[in-house]
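Reading the structure
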There are 2 protein chains.
Amino acid sequence: MSTRAYHHGNLREELLERAERTVVEQGVDALSLRELAREVGVSHAAPRRHFPDRDALLDALAEQGFARLEAQLRAADADDTTPGGAATTGDAFAARFGRVATAYVEFATDHAELLALMFRGKHRPGAEAVAAAADAAFRPLFGLVADGQACGAVAPGDGEDVGVPLFAALHGLASLLTAGVLPAQRRRELVEVVCASALRGAAPR
Amino acid sequence: MSTRAYHHGNLREELLERAERTVVEQGVDALSLRELAREVGVSHAAPRRHFPDRDALLDALAEQGFARLEAQLRAADADDTTPGGAATTGDAFAARFGRVATAYVEFATDHAELLALMFRGKHRPGAEAVAAAADAAFRPLFGLVADGQACGAVAPGDGEDVGVPLFAALHGLASLLTAGVLPAQRRRELVEVVCASALRGAAPR
DNA sequence: ACCTGAACACCGTTCAAGT
DNA sequence: ACCTGAACACCGTTCAAGT
């Protein structure tokens, strides 16, 4: 399988992998289907078999991005150093939320171009896969909110309504950092400030 | 001056105006310099005199967008229906903040593509003009925070640190709405929920 | 000073034809 | 089923030349 077969067999994955690299490194605008095909060593029309057009490839990248984000959030949430397991006190909950928030903002700043692609909206008509991947990525966040309600750190009520302000604060901070509106070197500090404020806003009253 | 003079005289403004329309209506990707020149009735090389390349035009559009946003925020802030003028009580402050927040989110959803362009980051090297326009646009928001501190609705301290969480919550909500992650028809309701939460988080403790 | 027209090197997309 | 090669209609950018 080391010989370059006529039937590549692995073209789709190789295209995605290579495309993500150039998007992360050079931005979406720098992604050319023709150059991509050249890099992979295939004719410029070959990708069409796997991605009908450029937007289809971009949607696939967005979907993959959400999967990465989900994995990163889950890993951060699982990385619980407190002895008792899941957070059951307010302080422990705040620490857990801080870890997930940090992971979210880190993903955003490390993959700014990919994040822009993921939140570009206007995906192709048949893009339920992207929306599904997005929902899955956000689930850890809303699951965390439910746990917060269980331990009394977060006000009761509809989980979405309580979770949206937390979600918005996090995503807004990430977006302002990647846009350069807020200085990237203040990232750690700003995550703490925003988390503290958002958690006060979400606390029972 | 109704005759199409050889020296157009007004080309820069006409290009900007037309470009903004197609960006708002069709998105950044649909903006072609050649088609733009065609629409304005000028050779395809003519725009180069006013915008060295495509990114220069995009930066000019972003700058113009921030100016529009600033005007809209100022108008919303000035539209004070309470008798006594500037807000001096907590309730009045919350109402005032709500108006500005609504204006911000409305601008975002009405000009989603333009907003993406404005917060695209990676502007050209000599893009201090864009950054300056952005700062000016955000000033009403931070001025509002200072007033909130003066009337005791917002915790004291460095204005930026107190303002950033409010800013992040607003921008995050706007971004999630335009991306389609949150449903656009719940806009009014979500603005209220997010504002209430963010203001609780910013309140003195 | 401002604009034109031809030229260059790239695109994305399509489609008959090959294996 | 998967890929190639030529073709089409578009780009952004450059530059000598026109007024």
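Look a little higher up for the structure.
Presented here is a report on the structure given in the accompanying data block. (Residues numbered from 1 in each chain as written. Chains lettered and ligands numbered in written order. Predicted model: local features only at pLDDT ≥ 70, side-chain atom pairs only at ≥ 80, totals over all residues. Heavy atoms only, no water.)

In this section: the packing of aromatic side chains. The tally for this structure, following the rule as stated, stands at 14 aromatic pairs over all chains. Ring geometry for A:Phe119 and A:Phe138: centres 6.2 Å apart, planes at 25°, overall stacked. Of the two residues, A:Phe119 is situated in the loop between α5 (112-118) and α6 (128-150) and A:Phe138 in helix α6; the sequence distance between them amounts to 19 residues. Just as A:Phe119 is buried, A:Phe138 falls in that class too. Consider the rings of B:Phe66 and B:Phe138, whose centres lie 5.9 Å apart with planes at 90°: the pair is edge-to-face. Of this pair, B:Phe66 sits in helix α3 (residues 54-78) while B:Phe138 sits in helix α6 (residues 128-150), placing them 72 residues apart in sequence. You can call B:Phe66 buried: its relative accessible area is 2%. We classify B:Phe138 as buried; its relative accessible area is 4%. Among the aromatic residues, ring-to-ring pairing joins A:Phe66, A:Tyr104, A:Phe119, A:Phe138, A:Phe142 and A:Phe167 into one connected group. (Phe/Tyr/Trp six-rings, centres within 6.5 Å; stacked < 30°, edge-to-face > 60°. Helix = DSSP H or I, 4+ residues; strand = E, 2+ residues; numbered from the N terminus. Buried < 20%, exposed > 50% of the residue type's maximum accessible area, 1.4 Å probe, protein only.)

Our next topic: the relation of the copies chain A and chain B. Mapping chain A onto chain B calls for a rotation angle of 180° and an axial translation of 0.0 Å; the resulting RMSD is 0.0 Å. Within this description, the copies of the chain are treated as partners about a two-fold rotation axis. Relative to the rotation axis, the C-alpha of A:Gly172 is the closest in chain A, positioned 1.7 Å from it. By residue overlap, the copies meet face to face through one surface: 100% of the interface positions of chain A are interface positions in chain B. (Least-squares fit on C-alpha atoms with pLDDT ≥ 70 in both. Contact = heavy atoms within 4.5 Å.)

Another point: the side chain of B:Glu113. Counting through the fold element by element, B:Glu113 comes out in helix α5 (residues 112-118). B:Glu113 sits in the buried class, given a relative accessible area of 18%. Looking at B:Glu113, its side chain comes within polar contact range of the main-chain nitrogen of B:Val28, at 3.4 Å. The contact partners of B:Glu113, leaving out residues within four places of it in the chain, are A:Lys122, B:Val23, B:Gly27 and B:Val28. (Polar contact = N/O pair within 3.5 Å; in protein donor to acceptor, adjacent residues only side chain to side chain.)

To continue, consider the side chain of A:Glu20. Residue and element names in this part refer to chain A. Assignment of secondary structure puts Glu-20 in helix α1 (residues 11-26). Using a relative accessible area of 11% as the deciding quantity, one classes Glu-20 as buried. Within the structure, the side chain of Glu-20 is placed 2.8 Å from the side chain of Gln-64, a separation counted as a polar contact. When neighbours within four sequence positions are excluded, Glu-20 is seen to be in contact with Leu-61, Gln-64, Arg-68 and Leu-114.

Between chain A and chain B, the contact holds 31 residues from the first and 31 residues from the second. For the pair chain A and chain B, the summed buried surface comes to about 2700 Å²; carbon and sulfur atoms form 63% of the total. Contact with chain B buries surface across chain A, with A:Val164, A:Leu176 and A:Arg200 losing the most and accounting together for 17% of the total. In this structure, A:Arg186 engages B:Asp161 in a salt bridge whose closest nitrogen and oxygen atoms are separated by 3.0 Å. Applying the counting rule to chain A against chain B returns six residue pairs in polar contact (both at pLDDT 80 or more). Secondary-structure elements contributing two or more residues to the side of chain A that touches chain B are α7 (159-179) and α8 (187-202) of chain A. Residue composition of the side of chain A that touches chain B, grouped by class: 16 nonpolar, six polar and nine charged. (Buried area = accessible area lost by both parts, 1.4 Å probe. Salt bridge = Lys/Arg side-chain N within 4 Å of Asp/Glu carboxyl O. Nonpolar A, V, L, I, M, F, W, Y, C, P; charged D, E, K, R; others polar.)

Moving on: the packing of α7(A) against α8(A). All names here are of chain A. Taken N-terminus to C-terminus, the directions of α7 and α8 make an angle of 160°; their axes are 9 Å apart at the nearest point. Here α7 lies roughly antiparallel to α8, going by the angle between them. For the crossing formed where α7 meets α8, the hand is right-handed. Along the contact surface, α7 presents Leu-166, Ala-169, Leu-170, Leu-173 and Leu-177, while α8 presents Arg-187, Leu-190, Val-191, Val-194, Cys-195, Ala-198, Leu-199 and Ala-202. Residue composition of the contact of α7 with α8, by class: 12 nonpolar, no polar and one charged. (Axes fitted to C-alpha atoms, helices over the stretch in contact; angles between N-to-C directions. Parallel < 35°, antiparallel > 145°, perpendicular 65-115°, else oblique. Left-handed = near helix turned anticlockwise from the far one by under 90°.)

Take it as geometry only, folks, not as evidence of what the structure does.
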